[in-house]
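Okay, here's what each chain looks like letter by letter:
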Amino acid sequence: MNKLLIKNGRVVDPSSNTNKNLDILIENGIVKKVRKKITRVTKSTKVLDAKGCIVSPGLIDAHTHLRDPGYEDKEDIYSGTAAAVKGGFTTVLCMPNTEPVLDSVSSIRYVVEKGKESFCKVYPIGAITKNLEGKELAETGRMMMEGIVAVSDDGNCIQNSAIMRNALEYLKMFNLKLIEHAEDYNLSKGGQVNEGYVSTALGLPGIPSISETVIVARDILLSEYFDAPVHFAHISSKRTLEILKTAKKKKLKITCEVTPHHLIFNENDIMGFDSNLKMKPPLRTEADRRALEAGFKDGVIDILATDHAPHRIDEKEREFSLAPFGVVGLETALSAMVKYFIKTKKMTWMEIIDRMSTRPAELFDLEGGSLMEGAPADVTVIHPGCKWVVNTETLIGKSKNSPFLNMELEGCVLWTIVDGNIVYGQE
Amino acid sequence: MTVKAKAVRHLITMDDLTNDEIIMILEEAKSFKEVLGRDIKKVPALRGKTVVLLFFEASTRTKISFELAAKRLSADVVNFSASTSSLKKSESLKDTVRTLEAMAADVFVMRHSYPGSAQLVAKYIKGAVLNGGDGAHSHPTQALLDMYTIYEKKGGFKGLKVAIIGDIKHSRVVRSNIEGLTRLGAEVVLCGPSTLLPRYIEKFNVSVTYNVEEAITDADVVMGLRIQFERQKQGLLPTILEYAQFFQINRERLSLAKPDVLLMHPGPINRGVEIESEVADSVYSVIDEQVTNGVAVRMSLLYFLVGGKDE
């Protein structure tokens, strides 16, 4: 019998609204007991002393690019999940913009099988349309049988509203969420950074925030009309947030996520042409950032998601306009939240863990997100006081394109436990 | 005793120069202009130095101007040309410039169609980088030669009204000119079709108008910018004809300016589009002089950046 006891930690579990010092006994991959003091254990029970630490249900990232198959030079399922567990994640949902695209039974099967041998739980997100072309629907039903938990054409956005309609109607049979990367390509074409003061100063073509907002508005209307759920990925602007708020007030089936970088950086940080701050959607204004921060706290924004998007260093070292969009985030998301939200008292541990674990599990109907007795033993133990510097040495993923490079963050993961097994941290 | 080498100076944007340095470069350019008027137009100021002209975008005047400037300072000049489209596939910019630097070049004059490229190169090499235009971002030597032309004719910048008319959005010249001119006390008015004025441009310490008469009225300097015919295809202008009707600098409009107005243009000009042909050849026009001044200013600048350095 595989037994593990986590002692003396402060258990923060939003699923049961628990926030106190408790011991957790794990048996056969399941949370067996959560008590004030668990002393009677067998000799074979492994004990982890979590004194001074936060014990959280395992973190869940609903937006990861593992780049496997096809772009293993940037990341693969092993390196990506190694980075995930180092960052405290026990589950990742991976996006389908691989080569080939995850739009078929065989490609989904490949990810699921390889995921089983990786460091954490990997759930693929299937493509909405074949080859992400925005034309014909991919085999959603058959992919669901193989284990997809949502669909998305992330990185691409279906421009044709009739096709979007078909997708939303078709998905209703399967109870799967559609994750939308909202971008009107006619408005964003050629753009490199947010359209505004910075794009004008740098002479870079701009991506106006309305290129996001018009698609979000369209999709809210479609969602309402067809009574079909839509989850908006990586929202970036104040105006987008305002119309999402209105939709949520009307109790429409709308949810959304925000990334750590959109919560922490703004367009002014790009004045030095740092391509590690180049992503889609682009960093917006400080007013946008502040609105996102408020929406993240008050719950209009449901979850935090990394949009972990690895790119090789030499790709990012090119001219800003030639460098690819995207930044890595799995290893820094939690520490960034600790430094910029918890230590600053903007949000509580309970709120952050809710947005990073319990809510994502609810949204995508996943096991996890809870430390109640009987839950799968996915646990993250966090030392809140430790500080570390993000650099190419401390990051372990294949790609190092982090917006936090050379910055000091706070909070370290001591142990990451998946189904009762320690997958990261000292045994 | 060791003599400390001067720290490497780059010129990427006008931000890299203080106001005093700008004036110093303009003053020094006067004596270099005098050199250009001599029989033997050459001084040994940069003898033994190597200047690489790194042009990733087609350019005739800027390249020739820099080449002459460097040669008249007795520097060795090496030309490197590549199209940006071939760059996408071939060797990266980083590797290209490192290779060239390994051949012991001192100055890289760089022209590139993407913003930020000069700054990127400055990160990878030890030599000085002189930005000869990077996309729509910055073109400081053009601004300096424009400023020299104004300085020579007007004696200063304080209180001058400078109207810049045309495609503001896609112009690197205008960004550098705004910075230099406003810092030295000139008042800059921008004018162009609303689709060719970038968002938030009014935050750059300038005033903005769609009315060309208003822009030109009482101006000390009127500067036209080139209108690319492709703006019509991009849907930013209905026709070139309509542009000309609303924004062309013509005799009638120019008569609203101060009597001693200077008419400038970075070139190449589209006669009959942004400037009426006879106005371009009128007594107000200093367009040809700008070209001459370009060589003198670039000599002054090269001398400022790498001349007289002790090892």
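Conventions we followed
The residue numbering used here restarts from 1 in each chain and proceeds along that chain's sequence as written. Just so you know, chain letters begin at A and ligand numbers begin at 1, following the order they were written in. Reporting of local features is limited, given that this is a predicted model, to residues whose pLDDT is at least 70; pairs of side-chain atoms are given and counted only at 80 or more, and all residues count toward the totals for whole chains, interfaces and linings. The side-chain quantities take in all heavy atoms of the structure and omit both hydrogens and water. A run of H or I in DSSP becomes a helix once it reaches four residues, and a run of E becomes a strand once it reaches two; helices and strands are each numbered from the N terminus. Each radius of gyration reported is based on C-alpha atoms, and the globular scaling rule is 2.2 Å times the count of residues to the power 0.38. A 1.4 Å probe rolled over the protein chains alone gives each residue an accessible area, and that area as a share of the maximum for its type sets the label: buried under 20%, exposed over 50%, partly exposed in between. In this analysis, two residues are considered to be in contact whenever any of their non-hydrogen atoms come within 4.5 Å of each other. Methods summary: accessible areas were calculated by the Shrake-Rupley approach with a probe of 1.4 Å, and residue burial reflects only the protein chains presented. Note on charges: Lys and Arg go in the positive column, Asp and Glu in the negative column, and His and the chain ends are not counted at all. A single reference atom marks each charge: NZ on Lys, CZ on Arg, CG on Asp, CD on Glu. Our working definition of a disulfide is a cysteine sulfur pair at a distance within 2.5 Å. Once two parts are joined, some of their accessible surface, as seen by a 1.4 Å probe, is lost; buried area is that loss totalled over both. A side-chain nitrogen of Lys or Arg and a carboxyl oxygen of Asp or Glu constitute a salt bridge if their distance falls within 4 Å. A 3.5 Å cut-off defines polar contacts: any pair of N or O atoms within that distance qualifies, except that in protein one atom must be a possible hydrogen donor and the other a possible acceptor, and neighbouring residues in sequence count only when both atoms are side-chain atoms. Centres within 6.5 Å are what make two rings of Phe, Tyr or Trp a pair, Trp counting through its six-membered ring; a difference in plane orientation under 30 degrees is then read as stacked, over 60 as edge-to-face, and the rest as tilted. A ring is considered to have a charge above it if a Lys NZ or an Arg CZ atom is located within 6 Å of its centre and within 35 degrees of its normal. In this description, strands pair whenever DSSP reports at least two bridges between them. Every axis in this analysis is a line fitted to C-alpha atoms, fitted for helices over the stretch in contact. Angles between the N-to-C directions lie between 0 and 180 degrees. A crossover counts as right-handed when, viewed with the strands pointing away from the observer, the path leading from the first strand over the helix to the second turns clockwise. Domain extents, as shown, originate in an automatic or database domain assignment. Just so you know the grouping, Ala, Val, Leu, Ile, Met, Phe, Trp, Tyr, Cys and Pro go in nonpolar, Asp, Glu, Lys and Arg go in charged, and all remaining residues, Gly too, go in polar. The scheme is simple: roughly parallel for angles under 35 degrees, roughly antiparallel for over 145, roughly perpendicular for 65 to 115, oblique for anything else. Take the far helix as your reference; a near helix turned counterclockwise from it by less than a right angle gives a left-handed crossing, and one turned clockwise gives a right-handed crossing. By this rule the span expected of a helix is its residue count minus one, scaled by 1.5 Å. The angle separating two fitted axes, one through the seven residues that finish at a residue and one through the seven that start at it, defines the bend at that residue.

Within chain B, the secondary structure is distributed over 13 helices and 9 strands. What you see for chain B is a C-alpha radius of gyration of 20 Å, in line with the 19 Å of a compact globule of 311 residues. Across the 311 residues in chain B, those meeting the buried criterion constitute 57%. Residue pairs in contact within chain B that sit at least 24 positions apart in sequence constitute 74% of those at least 6 positions apart. Put simply, chain B shows about 13500 Å² of open surface, and 51% of that area lies on carbon and sulfur atoms. Both charge centroids of chain B, one from 40 positive and one from 38 negative side chains, sit 5 Å from each other.

Moving on to the overall build of chain A. The number of helices and strands found in chain A is 13 helices and 18 strands. Taken over C-alpha atoms, the radius of gyration comes to 21 Å for chain A, in line with the 22 Å a tight globule of 427 residues would show. Considered along the principal axes of its C-alpha atoms, chain A spans approximately 65 × 45 × 45 Å. Taking all 427 residues of chain A together, the buried fraction comes to 64%.

We now examine the state of the cysteines. Two cysteines whose sulfur atoms are joined by a covalent bond form what is called a disulfide. Residues and elements named next belong to chain A. Here the structure, examined in full by the defined rule, presents 1 disulfide over all chains. Each sulfur of the disulfide joining Cys386 and Cys412 lies 1.6 Å from the other. Because the sign of the S-S torsion sets the handedness, a value of about 70° for the bond joining Cys386 and Cys412 places this disulfide among the right-handed ones. Taken together, the positions of Cys386 in strand 16 (residues 379-389) and Cys412 in strand 17 (residues 408-418) put the pair 26 residues apart, joining distant regions of the chain. Comparing Cys386 with Cys412, the two get one shared label, buried. Of all cysteine sulfurs, the one in Cys256 lies closest to Cys157, which takes part in no disulfide; the gap is 16 Å. Using a relative accessible area of 0% as the deciding quantity, one classes Cys256 as buried.

With that settled, consider the interface of chain B and chain A. Facing 24 residues of chain B, the contacting portion of chain A comprises 16 residues. Among the residues chain B hides against chain A, the three largest losses belong to Pro115, Arg199 and Phe204 of chain B. Together they make up 27% of the total. Of the charged contacts in the structure, one is a salt bridge between Glu195 of chain A and Arg199 of chain B, with a shortest N-O distance of 3.1 Å. At the surface where chain B touches chain A, the tally comes to 6 residue pairs in polar contact (both at pLDDT 80 or more). Of all the elements in the fold, those that place two or more residues in the side of chain B that touches chain A are helix 3 (84-89), helix 4 (93-102) and helix 5 (117-124) of chain B. With 4 residues, helix 5 of chain B is the single largest residue contributor to the side of chain B that touches chain A.

Here we come to the packing of aromatic side chains. All names here are of chain A. Under the criterion given, the structure shown has 10 aromatic pairs over all chains. Ring geometry for Tyr225 against Phe226: centres 4.8 Å apart, planes inclined by 80°, an arrangement best described as edge-to-face. With relative accessibility at 67%, the residue Tyr225 sits in the exposed group. The lysine or arginine in question, Lys278, covers the ring of Phe320, its NZ or CZ lying 5.3 Å from the ring centre. Seen from the ring of Phe341, Lys346 lies directly overhead, with NZ or CZ sitting 5.7 Å from the centre.

This next bit is on the sheet that holds strand 8 (residues 121-124) of chain A. Residue and element names in this part refer to chain A. The 3 strands are arranged 6-7-8 in an open sheet whose pairing can be described as parallel. Looking at strand neighbours, the two that pair on one side only are strand 6 (59-64) and strand 8, the edges of this open sheet. In this sheet, adjacent strand axes meet at a mean angle of 20° when their direction is disregarded.

Turning our eyes to something else, we now look at helix 5 of chain B. Within helix 5 of chain B, 6 of the 8 residues are buried, which leaves the element mostly enclosed by the surrounding structure. The elements touched by buried residues of helix 5 of chain B are helix 4, strand 3 (107-112) and strand 4 (128-134) of chain B.

A word on the pairing of strand 5 (residues 161-165) of chain B. All names here are of chain B. Here strand 5 lies mainly inside the structure; 5 of its 5 residues are buried. Alternating positions in strand 5 separate into two faces, Lys161, Ala163 and Ile165 on one and Val162 and Ile164 on the other, with burial throughout. Judged from the 5 bridges that link them, strand 5 and strand 6 (residues 187-191) form a sheet pairing that is parallel. Looking across to strand 6, one finds that Ala163 is bridged to Val189. Remark: the strand 5/helix 7 (residues 172-183)/strand 6 crossover connection has right-handed handedness.

On to the domain arrangement of chain B, then. Put simply, an interface is often sized by how much accessible area is lost when its parts join up. Residues and elements named next belong to chain B. Splitting chain B by domain gives domain 1 (14-138 + 291-307) and domain 2 (140-286). A straight line from the C-alpha centre of domain 1 to that of domain 2 covers 25 Å. Taken together, the two surfaces of domain 1 and domain 2 that pack against each other cover about 2400 Å², and 61% of this comes from carbon and sulfur. Sorting the residues of domain 1 by area buried against domain 2 places Met14, Leu26 and Ala136 first, and these three jointly supply 26% of that buried surface. Between the two partners, domain 1 and domain 2, sit 2 salt bridges. Here domain 1 is connected to domain 2 by 12 residue pairs in polar contact (both at pLDDT 80 or more). Only helix 1 (19-36), helix 2 (61-72), strand 3, strand 4 and helix 13 (287-306) provide two or more residues apiece to the side of domain 1 that touches domain 2. The class makeup of the residues in the side of domain 1 that touches domain 2 is 11 nonpolar, 10 polar and 9 charged.

How two helices sit against one another is set out by the angle between their axes and by the gap between those axes. Residue and element names in this part refer to chain B. Where helix 6 (residues 140-154) meets helix 7, the closest approach of the two axes is 8 Å, and the angle between their N-to-C directions is 50°. The angle between the axes of helix 6 and helix 7 places the two elements in the oblique class. The way helix 6 lies across helix 7 gives a crossing that is right-handed. Residues Pro140, Gln142, Ala143, Asp146, Met147 and Ile150 of helix 6 form the contact with helix 7, whose own contacting residues are Val173, Ser176, Asn177, Gly180 and Leu181.

Residue and element names in this part refer to chain B. Spatial strand order, 7-6-5-8-9: 5 strands in an open sheet with parallel pairing. If you trace the sheet from one side to the other, it starts and ends with strand 7 (207-209) and strand 9 (262-264), each paired once. Between one strand axis and the next, the sheet turns through 20° on average, direction left out of account. Across the sheet, helix 7 touches strand 5, strand 6 and strand 8 (221-224), and the angle it forms with strand 6 is around 155°.

A rise of 1.5 Å per residue sets the reference length of helix 13 of chain B, with its 20 residues, at 28 Å; its end C-alpha atoms lie 29 Å apart and thus fit the reference within 8%. Taking the largest bend as the criterion, helix 13 of chain B deviates by roughly 25°, centred on Asn293 of chain B.

It is worth spelling out the packing of helix 12 (residues 333-342) of chain A against helix 13 (residues 349-363) of chain A at this point. Residue and element names in this part refer to chain A. In contact at an axis separation of 11 Å, helix 12 and helix 13 are set at 145° when each is read in the N-to-C sense. Crossing of helix 12 against helix 13: the hand is right-handed. Listed contacts from helix 13 to Ala333, Leu334, Met337, Val338, Phe341 and Ile342 of helix 12 are Trp349, Ile352 and Met356. Considering only residue class, the contact of helix 12 with helix 13 consists of 9 nonpolar, no polar and no charged.

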